[in-house]
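Chains, contacts and geometry: an overview
Each chain, written out:
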Amino acid sequence: MSSQKSRVVITGGAGFLGSHLCDRFLAEGWEVICMDNLITGDLRNIEHLSARSDFHFYHQDVTEFIHVPGKIDAVMHFASPASPVDYLELPIQTLKVGALGTHKALGLAREKNARFLLASTSECYGDPLVHPQREDYWGNVNPVGPRGVYDEAKRFAEAMTMAYHRYHKVRTRIVRIFNTYGPRMRLNDGRALPAFMSQALRGEDVTVFGDGSQTRSFCYVDDLVEGIYRLLHSDEVYPTNIGNPSEMTIEQFARRIIELTGSKSKIVHKSLPVDDPKVRQPDIAKARRILGWEPRYDLDTGLKKTLEYFRERLGVDAKQGAKA
Ligand code: UDP
C-alpha cells in the first residue's frame with residue numbers, strides 16, 4: 001500500500017540547509033526521501049531522524065540517474081558544495097551537480113508530476129553593480145574566475161529549470177538564497193560564520209579577509225526554511241530572493257561574534273579571495289508581496305542559537321580528537 005502522505009525528495013538532504021528542510025517537511029506531516037553523496041553533507045545532521053519510518057536516506061550521487069519508487073509530490077534540489085572553500089576544492093563536482101544533477105532532479109520531477117524547487121543563490125548576481133539586489137538584475141559574474149564554477153553552475157541550473165517549466169510544463173520554483181547561518185553549518189567549511197565562531201571559541205586569531213569593508217546580510221536558517229516552504233506552495237515560477245536585508249561589514253560581523261563569545265581573540269587581516277563580492281544585500285520586496293514573508297530573527301538571537309551548537313560541537317570534536 002502506498003502512503004497517503006505527501007512525499008518529498010530532498011537532494012543534499014544531509015547538508016546544512018537540506019537537513020533543516022528534512023525536519024520541516026517531517027514536522028508538516030510529509031514523508032521525506034533524503035539523498036546525499038556525503039561529500040560535503042554529514043550523516044550527523046540527520047541521525048536524529050534515522051529511526052523514523054517516514055524518513056528514508058539514499059546514499060546517492062544525484063548526477064547519476066535517480067530512481068525512486070512510488071509517488072513523489074515535490075523535489076527540492078539542494079545538493080551542491082556551497083561554500084567558497086568547498087567549490088574551489090571541488091570545482092568539477094560543483095559544475096556537475098549544478099548542471100547534470102539539476103537535469104536528473106528535474107527529470108525525476110517530470111516523471112512523477114511533482115513540483116520542483118531549485119536552490120539557487122545570490123552568487124547569480126556575482127560582484128553586483130546594483131545594490132541591493134533585485135531579482136530582475138542579471139548580475140556581474142566572472143565566468144572564468146575561481147568562483148565561476150559555482151555561479152555559472154547555478155545560472156545554468158536556473159536556465160534548465162525554466163526550460164523544463166516552459167517546455168515540459170513542470171511546476172518549478174527558484175529560490176535565490178543569500179548568506180544563511182545556523183546550527184549544522186560545517187565547522188571547517190571556510191565560510192565567515194563557522195570560521196569566526198570556531199576561531200573565537202578556540203581563542204585563535206579571527207581571520208578577516210581584505211580590509212573587512214565588504215558587506216553581507218545574514219539570515220537565520222529557520223527564517224530561510226519558512227520562506228522556502230512558502231515559495232514551494234506558491235505559484236511563482238521566476239526567481240525569488242530569500243534572505244535577511246540587514247547588511248553589515250564583515251569586520252562588524254567578526255567583532256559581534258567575538259563579543260558574543262566573550263573571547264579575547266584578535267582580528268587579523270588576510271588577503272581577499274579573487275572575485276569576492278564587495279556588497280551583498282537582498283531586496284525582499286517580492287517575497288514580502290507574494291509570500292507574505294519576512295525574516296523574524298535578529299542577528300543576536302540567531303547568533304546565540306548558533307553559538308550553542310558550535311560550543312557543543314567543538315566540545316565533542318575536542319574529545320574525539322583526544323581519543324584518536
Ligand atoms: N571571510 C573572511 N574570513 C573568513 C571567511 C570569509 O573575512 O575566514 C569573508 C569573505 O571574504 C567574504 C565574507 O567573509 O567577504 C563572506 O564569506 P563566506 O565565505 O561566508 O561567503 P560568501 O558570501 O563570500 O559566499
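Notes on the structure in this doc start here. (Residues numbered from 1 in each chain as written. Predicted model: local features only at pLDDT ≥ 70, side-chain atom pairs only at ≥ 80, totals over all residues. Heavy atoms only, no water.)

**Examining the pairing of strand E1 (residues 7-11)**
Basically, it comes down to this: Exposure is judged per residue with a 1.4 Å probe applied to protein chains only, and the accessible area is read against the type maximum: over 50% gives exposed, under 20% gives buried, and values in between give partly exposed. Under the scheme used here, helices are H or I runs from DSSP no shorter than 4 residues and strands are E runs no shorter than 2 residues, and both carry numbers assigned from the N terminus. When DSSP locates at least two bridges between a pair of strands, those strands are taken to pair.
For E1, the buried fraction is high: five of the five residues fall into the buried class. Here E1 shows two buried faces, one formed by Arg 7, Val 9 and Thr 11 and the other by Val 8 and Ile 10. Bridge count for E1 against strand E2 (residues 31-36) is five bridges, and the pairing is parallel. Bridge pairing in E2 links Ile 10 to Cys 34.

**Section: the packing of aromatic side chains**
Which entries qualify depends on this criterion: Ring pairs shown here join Phe, Tyr and Trp side chains whose ring centres sit within 6.5 Å, with only the six-membered ring taken for Trp; geometry is labelled stacked below 30 degrees between planes, edge-to-face above 60, and tilted in between. The rule is short: NZ of Lys or CZ of Arg within 6 Å of the ring centre and within 35 degrees of the ring normal puts a charge over the ring.
In this structure the tally under the stated criterion is ten aromatic pairs. Relative to Phe 253, the ring of Phe 196 lies with its centre 6.2 Å away and its plane at 55°, an arrangement referred to as tilted. Residue Phe 196 is located in helix H5 (residues 192-202), and its partner Phe 253 is located in helix H7 (residues 250-261); the two are separated by 57 residues in the primary sequence. Both residues of the pair, Phe 196 and Phe 253, count as buried. In textbook terms, an aromatic cluster arises when at least three aromatic residues are bridged by ring pairs, as seen for Phe 25, Trp 30 and Tyr 229. The aromatic ring of Tyr 229 is capped on one face by Arg 24, whose charged end is 4.5 Å from the ring centroid.

**Focus: the site of the ligand**
What counts, and what does not: Here, proximity means that at least one heavy atom of the residue falls within 4 Å of the molecule or strand. Polar contact is defined as a pair of N or O atoms within 3.5 Å, subject to the rule that within protein one atom must be able to donate a hydrogen and the other to accept it, and that residues adjacent in sequence are counted only when both atoms are side-chain atoms. Computed with a 1.4 Å probe, the accessible areas rest on the Shrake-Rupley method; for each residue, only the protein chains presented here act as cover. Under this grouping Gly is polar, as are all residues other than the nonpolar Ala, Val, Leu, Ile, Met, Phe, Trp, Tyr, Cys and Pro and the charged Asp, Glu, Lys and Arg.
What surrounds the ligand is a group of 18 residues, the closest being Thr 207, Phe 209, Arg 216, Asp 276 and Arg 280. A distance of 2.9 Å separates an oxygen atom of the ligand from a polar side-chain atom of Gln 214. In the complex, the protein chains occlude 95% of the 520 Å² of accessible area that the ligand would expose alone. Of all the secondary-structure elements, those providing two or more residues to the shell around the ligand are H5 and strand E8 (206-209). Taken together, the residues that form the shell around the ligand break down as eight nonpolar, four polar and six charged.

**A closer look at the packing of helix H3 (residues 91-112) against helix H4 (residues 148-168)**
Helix-helix packing is described using two parameters, namely the angle between the two axes and the distance between the axes. What counts, and what does not: A fitted line through C-alpha atoms serves as each axis, taken over the contacting stretch for helices, and the angle formed by two N-to-C directions is quoted from 0 to 180°. Oblique is the label for any angle not under 35 degrees, not over 145, and not in the 65 to 115 range, which are roughly parallel, roughly antiparallel and roughly perpendicular in turn. In this scheme the handedness of a crossing depends on how the near helix is turned from the far one: anticlockwise by less than a right angle means left-handed, clockwise means right-handed. What makes two residues a contact is simply this: any of their non-hydrogen atoms within 4.5 Å.
Taken N-terminus to C-terminus, the directions of H3 and H4 make an angle of 15°; their axes are 8 Å apart at the nearest point. With respect to H4, the element H3 is oriented roughly parallel. Classified by chirality, the crossing of H4 by H3 is right-handed. Of the residues in H4, those in contact with Pro 91, Thr 94, Leu 95, Gly 98, Ala 99, Thr 102, His 103, Leu 106, Gly 107 and Arg 110 of H3 are Val 149, Tyr 150, Ala 153, Phe 156, Ala 157, Met 160, Thr 161, Tyr 164 and His 168.

**Let's talk about the state of the cysteines**
Under the convention used in this document: A pair of sulfur atoms, both from cysteines and within 2.5 Å, is called a disulfide here.
For the structure on display, the rule yields zero disulfides. Cys 22 supplies the cysteine sulfur nearest to Cys 34, a cysteine that is in no disulfide, at a spacing of 4.2 Å. The buried category is assigned to Cys 34, whose relative accessible area is 0%.

**Some details on the pairing of strand E4 (residues 74-77)**
Judged by which residues are buried, E4 turns out to be covered on both faces: Ala 74 and Met 76 on one side and Val 75 and His 77 on the other are all buried. Bridge analysis of E1 against E4 gives four bridges, and the strand direction is parallel. Among the inter-strand pairings, Val 8 is bridged to a residue of E4, identified as Ala 74.

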